[in-house]
Amino acid sequence: KLGTWLPGTGFKSHGTLGKNETWMLDSSRPDDLLGRALAAVEEGDGYRAELDKIRVPIYTTDAEGLVTYWNQACVDFAGRAPQLGSDRWCVTWRLFTLDGDPIPHDQCPMAIAIKQKRSIRTEVALAMRPNGTRVAFRPYPTPLFNRTGELTGAINMLVDITDRKQAESRQK
């Protein structure tokens, strides 16, 4: 069972995945969607068509952190189209901690995941778009390895948690 991601409003339940349906996010199970994305990547050459069906921001990098693929949800989320061959580690324009301190891209969760060859699941950050708006999100960077254990790249899913963070701030 999958769920529909509704930007700015949260999530709600929505059917199952059919042949021509898009993949959507159930907020209680983001790892399930990431698992589907990882399975698509493991299938090989056709993975980009499968990842294009995902309606949450998801992108891949090579082993050096250069962005190699992104879906339309990344463009919508980041407020910009990544620059193939020059954007490294991240699809966002600028990054900050929740306290507003800048995070250099080479220290973002995706960079750490690649450099340390481990998944990151505990981080939260603010992405700044070129128009100045900020979006709170939880990244899911996951290194990719070949059959011999060599790092080949990474995949990252960005879950918008802006509404939740705003609600938490109002309660304080």
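Residues numbered from 1 in each chain as written. Predicted model: local features only at pLDDT ≥ 70, side-chain atom pairs only at ≥ 80, totals over all residues. Heavy atoms only, no water.

Draft legend 1. Seen up close, the packing of aromatic side chains. The tally for this structure, following the rule as stated, stands at 1 aromatic pair. Taking 5.4 Å as the distance between ring centres and 85° as the angle between the ring planes, the aromatic pair formed by Phe77 and Phe137 counts as edge-to-face. Of this pair, Phe77 sits in helix α3 (residues 72-78) while Phe137 sits in strand β7 (residues 134-139), and the two are 60 residues apart along the sequence. No difference in accessibility class separates Phe77 from Phe137, as the two residues are buried. Directly above the aromatic system of Phe96 lies the positively charged group of Arg134, at a separation of 4.0 Å from the ring centroid. (Phe/Tyr/Trp six-rings, centres within 6.5 Å; stacked < 30°, edge-to-face > 60°. Helix = DSSP H or I, 4+ residues; strand = E, 2+ residues; numbered from the N terminus. Buried < 20%, exposed > 50% of the residue type's maximum accessible area, 1.4 Å probe, protein only. Lys NZ or Arg CZ within 6 Å of the ring centre and 35° of its normal.)

Draft legend 2. Region of the structure containing the pattern of salt bridges. Under the definition given, this model contains 2 salt bridges. Notably, a salt bridge pairs Glu64 with Arg88, separated by 3.8 Å at the nearest N-O pair. Here Glu64, found in the loop between β3 (58-62) and β4 (67-70), pairs with Arg88, found in the loop between α3 and β5 (94-96); they are 24 residues apart in sequence, far enough to count as distant. Of the charged contacts in the structure, one is a salt bridge between Asp87 and Arg80, with a shortest N-O distance of 2.9 Å. On the accessibility criterion, Arg80 (16% relative accessible area) is buried. (Salt bridge = Lys/Arg side-chain N within 4 Å of Asp/Glu carboxyl O.)

Draft legend 3. Seen up close, the nonpolar core. One finds Leu51, Ile54, Ile58, Ile155 and Met157 to be the most contacted residues of the largest nonpolar core, which totals 22 residues. For this core, the elements supplying multiple residues, two or more each, are α1 (30-43), α2 (47-52), β6 (125-128) and β9 (151-160). It is α1 that contributes the most residues to this core, 5 residues altogether. Membership of the second largest hydrophobic core comes to 20 residues, among which are Cys74, Ile114, Val135 and Phe137. (Core = buried A, V, L, I, M, F, W, Y, C linked by side-chain atoms within 4.5 Å.)

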